[in-house]
Amino acid sequence: MIELHSAIAGRRGRAALRLVAIGGLAAMLAGCYTPRQEVNNYPQDYHQRHPITLREGERTVEVFISRNRGGLTPEQRADVLAFAQAWRREGNSAIVIDIPRGGPISRAASDTMREIQSIFNASAVPANAVSVRSYTPATSTLASIKLNYSRLTAHAGPCGLWPADLGPSFDPSYTDNRAYWNLGCASQRNLAAMVANPTDLVQPRGETPAYEGRRAVALDKWRKGEPPSGRYDNYDKSKISDVGK
């Protein structure tokens, strides 16, 4: 009887171990299957994986000055003029100018500021669109006048994210020949950096008026019964080479 009870207990123990092993294997399979469902949910179109978004950024120009020199160098005049022209085209806020005050650099900063204001006036920047505030520079020998304004900027990314391996795996992106996550991110980021007007990514620009001069000429020819097309005489007279004749 003792041996019979021992055999029954042994069989029950082995059955319990098998149940535990089966349960552990099922848990492992369930754990492996869950990421497959999560990977299936990411969009296949790279425009949706890496969308270009518009944000508010800043354009800043620093004009470095020293206590022994006031005014602008030719390069600095070009920078300030380009800054003013860019503000008229893309500025979404007033121009904020931070000018250093105090110490031996204050005189040079005032002279440079007057020249900057004259460039703004020549560029048709309204005086009420410029806000000036002062700050104390960290050093008395070198400081800068900071010009900045807010503008719309386009962004995409970040790139270089690899949530799954590209090699053989159980990932559906490999077995189903799907696009990997990072595909298209660099193209979207480069497009966002190169676009001149970020609002062009959202909506088209308004139409500009037609060229009145050319339209009047074409309508006058049409009224007289003449061909309205233009004549371009001698446009092909200049040749770089006669090869191929």
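Residues numbered from 1 in each chain as written. Predicted model: local features only at pLDDT ≥ 70, side-chain atom pairs only at ≥ 80, totals over all residues. Heavy atoms only, no water.

Let's talk about the overall build of the chain
Turning to step 1, where the next piece is worked out: A count of helices and strands for the chain gives seven helices and four strands.
Turning to step 2, where the next piece is worked out: Ordered by position from N to C terminus, the α and β elements of the chain give α-α-β-α-β-α-β-β-α-α-α.
Turning to step 3, where the next piece is worked out: Within the chain, buried positions represent 22% of all 245 residues.
Turning to step 4, where the next piece is worked out: Of the contacts formed within the chain by residues at least 6 apart in sequence, a portion of 81% connects residues at least 24 apart.
Turning to step 5, where the next piece is worked out: For the chain, the exposed surface amounts to about 17,600 Å²; the carbon and sulfur share of it is 55%. (Helix = DSSP H or I, 4+ residues; strand = E, 2+ residues; numbered from the N terminus. Buried < 20%, exposed > 50% of the residue type's maximum accessible area, 1.4 Å probe, protein only. Contact = heavy atoms within 4.5 Å. Areas by Shrake-Rupley, 256 points an atom, 1.4 Å probe, with all protein chains shown as cover.)

Structural notes on the packing of aromatic side chains
Turning to step 1, where the next piece is worked out: As enumerated under the stated definition, the model contains three aromatic pairs in all.
Turning to step 2, where the next piece is worked out: Centroid distance W162 to Y180: 5.6 Å. Interplanar angle 25°. Geometry classified as stacked. Taken together, the residues W162 in the loop between β4 (142–155) and α5 (172–175) and Y180 in the loop between α5 and α6 (185–194) connect sequence positions 18 residues apart.
Turning to step 3, where the next piece is worked out: Relative accessible area serves as the criterion here: at 32%, Y180 is assigned to the partly exposed category.
Turning to step 4, where the next piece is worked out: Three or more aromatic residues joined by ring pairs make a cluster, and in this case those are F83, F120 and Y149. (Phe/Tyr/Trp six-rings, centres within 6.5 Å; stacked < 30°, edge-to-face > 60°.)

Some points on the state of the cysteines
Turning to step 1, where the next piece is worked out: Taken as a whole, this structure holds one disulfide when the rule is applied.
Turning to step 2, where the next piece is worked out: In this model, C159 is linked to C185 through a disulfide, with the two sulfur atoms separated by 2.0 Å. Negative torsions about the S-S bond denote left-handed disulfides, and the value of about -90° found for C159 with C185 makes this one left-handed. Note that C159 is positioned in the loop between β4 and α5 and C185 in helix α6, a separation of 26 residues in sequence.
Turning to step 3, where the next piece is worked out: Owing to a relative accessible area of 0%, C185 belongs among the buried residues under this scheme. (Disulfide = S-S within 2.5 Å.)

Overview of the nonpolar core
Turning to step 1, where the next piece is worked out: Formed by 24 residues in total, the largest nonpolar core has its most connected members in V80, I95, I116, F120, I145 and L147.
Turning to step 2, where the next piece is worked out: Going through the elements one at a time, β1 (53–66), α3 (74–90), β2 (95–100), α4 (106–122) and β4 are the ones with two or more residues in this core.
Turning to step 3, where the next piece is worked out: When sequence neighbours within four positions are dropped, the list of residues in contact with I145 reads V61, E62, V63, I65, I97, D98, I99, P100, A109, T112, M113 and I116. (Core = buried A, V, L, I, M, F, W, Y, C linked by side-chain atoms within 4.5 Å.)

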